[in-house]
Amino acid sequence: MKKLINQTLLYDEDCPLCHAYTGAFVKSGMLDENGKKPYCQLSDKELQIIDTKRAANEIALIDSKTNTVIYGVDSLLKIIGNSFPIVNTIGNVLPIKFALKKLYSFISYNRKVIIPSKKSNDALQCTPTFNYHYRILYLIFTIMVTAMVLYNFSDLLPIPPNNSGFGREVTLALGQLIFQYIFLHKLNNKTILNYLGNVMTVSLIGSLLLLPVLLINSFIDLPSIINIVYFVAIVTFMFIEHSRRVKTLELPHHLSYTWVLYRLIALLIILNL
């Protein structure tokens, strides 16, 4: 790898994903050993040249030689493109760069609901600006993916046929959000949407974990008991993960039990259709 020197990439210390990919840049040799730095450890000199609000939303790359800063997709393209020039060339084609920026923003503005973290006591906190547009898009995306997987997996479970099709799974996912909202309506909109984003992340993780068994069943028919046990194991994991996130977000513990209650009510309705 061709090393990019005199460059420091800032990252969110509370974000495991940020830790992983910035660390990968250092380990691969794209950046030197001092090529990454936690956002919360910015020096007074660096604070003078950095747009701290933008850097919380878009990862910043500081050029210590010229005292200039680039952000987001431009930072990543510069680092990767230094070793793979073709990536930089393709990434800067206008339609592709536009799409990359939208994808980057989609992930960045939602990273705290993808992987939540406890509130930090640091004076500088790398918390992305709350963006209603990208949060709603995230909810829609996770609802669609979850509904698609569950629609296909439901054929492997001993429940009534899904005669209403894909729509039933979408309705169930939306119903979960509405049901949980009832117990949170007194809180502010940002807190509620942060929590609902975490709810759908848990659902998304559960759906993705169902894919291996769904794939296996597309080739061979596994015994029903295996599908059922696996499904119950995933739901149990989802409950534990949901409870962990509720604790991290410092929200009422009863939300984990209302989460289960809704699923039991939904199951009873489905079984009696």
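What counts, and at which threshold
- Residues numbered from 1 in each chain as written.
- Predicted model: local features only at pLDDT ≥ 70, side-chain atom pairs only at ≥ 80, totals over all residues.
- Heavy atoms only, no water.
- Pairing = 2+ DSSP bridges.
- Helix = DSSP H or I, 4+ residues; strand = E, 2+ residues; numbered from the N terminus.
- Axes fitted to C-alpha atoms, helices over the stretch in contact; angles between N-to-C directions.
- Buried < 20%, exposed > 50% of the residue type's maximum accessible area, 1.4 Å probe, protein only.
- Phe/Tyr/Trp six-rings, centres within 6.5 Å; stacked < 30°, edge-to-face > 60°.
- Lys NZ or Arg CZ within 6 Å of the ring centre and 35° of its normal.
- Patch = residues over 30% accessible without salt bridge, like charges linked within 9 Å, V, L, I, M, F, W, Y side chains within 5 Å.
- Areas by Shrake-Rupley, 256 points an atom, 1.4 Å probe, with all protein chains shown as cover.
- Salt bridge = Lys/Arg side-chain N within 4 Å of Asp/Glu carboxyl O.

(A) The sheet that holds strand β2 (residues 36-38), seen in detail. Read from one edge of the open sheet, four strands run β2-β1-β3-β4, paired in mixed fashion. Of all strands in the sheet, those bounded by a partner on one side alone are β2 and β4 (68-71). Across the sheet, the mean angle separating the axes of adjacent strands is 30° when strand polarity is ignored. Pairing of strand β1 (residues 7-11) with β2, which is carried by three bridges, proceeds in the parallel orientation. The residue bridging Tyr11 from the neighbouring strand is Pro38, located in β2.

(B) Seen up close, unusual backbone geometry. Positive phi is not limited to glycine here, since Asn6 has a value of about 60°. As for its position among the elements, Asn6 is in the segment before β1. Residue classification places Asn6 among the partly exposed positions, given a relative accessible area of 36%. Even without being glycine, Glu250 reaches a positive phi, approximately 60°. For Glu250, the location among the structural elements is in the loop between α11 (224-248) and α12 (254-271).

(C) Examining the packing of aromatic side chains more closely. What the rule picks out here adds up to 10 aromatic pairs. Plain terms: the ring middles of Phe179 and Tyr262 are 5.5 Å apart, the flat faces sit at 45° to each other, and that makes the pair tilted. Taken together, the positions of Phe179 in helix α9 (residues 166-182) and Tyr262 in helix α12 put the pair 83 residues apart, joining distant regions of the chain. Judged by its relative accessible area of 13%, Tyr262 falls in the buried class. On the basis of an interplanar angle of 35° and a centroid distance of 6.4 Å, the ring pair of Phe239 and Trp259 is categorised as tilted. Of this pair, Phe239 sits in helix α11 while Trp259 sits in helix α12, and the two are 20 residues apart along the sequence. Take Phe239: its relative accessible area is 26%, and that puts it in the partly exposed class. Through pairs of rings, three or more aromatic residues link up here, namely Phe106, Tyr138 and Phe141. Here Lys36 stacks its cationic end above the ring of Tyr11, 4.4 Å away from the centre of that ring.

(D) View of a nonpolar patch on the surface. Together, Met1, Phe84, Ile86, Val87, Ile90, Val93, Ile96 and Leu100 give the surface a local cluster of nonpolar side chains, amounting to about 660 Å² of exposed area. Broken down by secondary-structure element, the contributors of at least two residues to the nonpolar patch are α5 (85-91) and α6 (94-109). The biggest single contributor to the nonpolar patch is α5, with three residues. Structurally, Ile90 is set in helix α5. Ile90 sits in the partly exposed class, given a relative accessible area of 42%.

Read these as layout, nothing more, since geometry by itself doesn't imply function.
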